[in-house]
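Spelled out, the chains give:
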Amino acid sequence: LARAGVEAALSSRSIAELEAALEEGKRAGLEDSELSEATLTLERERRRAEARSTLLQACTSADIGELIAAIKAGEDIGLSDEELSQAKDVLQEKERRALRTSSARDALITAIE
């Protein structure tokens, strides 16, 4: 029964389900070797969740560098293109705004001189 729970949790890749299945597997006396894949999957999913959170936070930040770093981290951890697309769209918009601001500033400086 505990093995089946671990297998189901592996399929779902849900952090809560993986945590519960690992706890149940340990209580049922499953060996570490039987739980290793679930343990690794749990750690990977926690890192992915953190990357998603960082992406969301970076999307609302004024710092373009922070957003670029968050997208890179998301790519490195293996977030899907779908998960990254909104952040990439936000980055493009921020870059366009920065370019417009820079162009406007240059035009103003030129006009003043």
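Residues numbered from 1 in each chain as written. Predicted model: local features only at pLDDT ≥ 70, side-chain atom pairs only at ≥ 80, totals over all residues. Heavy atoms only, no water.

Student: Would you explain the environment of Ile-64 in this entry?
Tutor: Assignment of secondary structure puts Ile-64 in helix 4 (residues 64–77). A residue is classified by how much of its surface remains accessible, and Ile-64, at 23% relative accessible area, is partly exposed. Sequence-distant contacts of Ile-64, defined by excluding residues within four places in its chain, comprise Leu-91, Lys-94, Glu-95 and Ala-98. (Helix = DSSP H or I, 4+ residues; strand = E, 2+ residues; numbered from the N terminus. Buried < 20%, exposed > 50% of the residue type's maximum accessible area, 1.4 Å probe, protein only. Contact = heavy atoms within 4.5 Å.)

Student: Just checking my understanding: could you explain the side chain of Ser-61 for this structure?
Tutor: Structurally, Ser-61 is set in the loop between helix 3 (32–59) and helix 4. Residue classification places Ser-61 among the buried residues on the basis of a relative accessible area of 16%.

Student: Explain the environment of Ala-104 to me, please; I cannot follow it from the model alone.
Tutor: Residue position: Ala-104 is located in helix 5 (residues 81–112). Counting along the chain gives 48 residues from Ala-104 to Leu-56, while the straight-line C-alpha distance between them is 29 Å.

Student: What is the right way to read the environment of Ala-70 from this model?
Tutor: Tracing the chain through its elements places Ala-70 in helix 4. For the pair Ala-70 and Thr-60, spaced ten residues apart in sequence, the C-alpha separation works out to 12 Å. Filtering out sequence-adjacent residues up to four positions away, Ala-70 remains in contact with Thr-54, Leu-55 and Ala-58.

Student: Just to check I follow, could you spell out the packing of helix 1 (residues 2–12) against helix 2 (residues 15–27) for this structure?
Tutor: Pairs of packed helices are described in terms of their axes, by the angle between the two and the distance that separates them. Two elements in contact, helix 1 and helix 2, have axes separated by 9 Å at closest approach and are oriented at 160 degrees. Relative to helix 2, the element helix 1 lies roughly antiparallel. Handedness of the helix 1/helix 2 crossing: left-handed. Note on element contacts: helix 2 touches helix 1 through Glu-17, Leu-18, Ala-21, Glu-24 and Gly-25, opposite Ala-2, Gly-5, Val-6, Ala-8, Ala-9, Leu-10 and Ser-12. Grouping the constituent residues of the contact of helix 1 with helix 2 by class yields seven nonpolar, three polar and two charged. (Axes fitted to C-alpha atoms, helices over the stretch in contact; angles between N-to-C directions. Parallel < 35°, antiparallel > 145°, perpendicular 65-115°, else oblique. Left-handed = near helix turned anticlockwise from the far one by under 90°. Nonpolar A, V, L, I, M, F, W, Y, C, P; charged D, E, K, R; others polar.)

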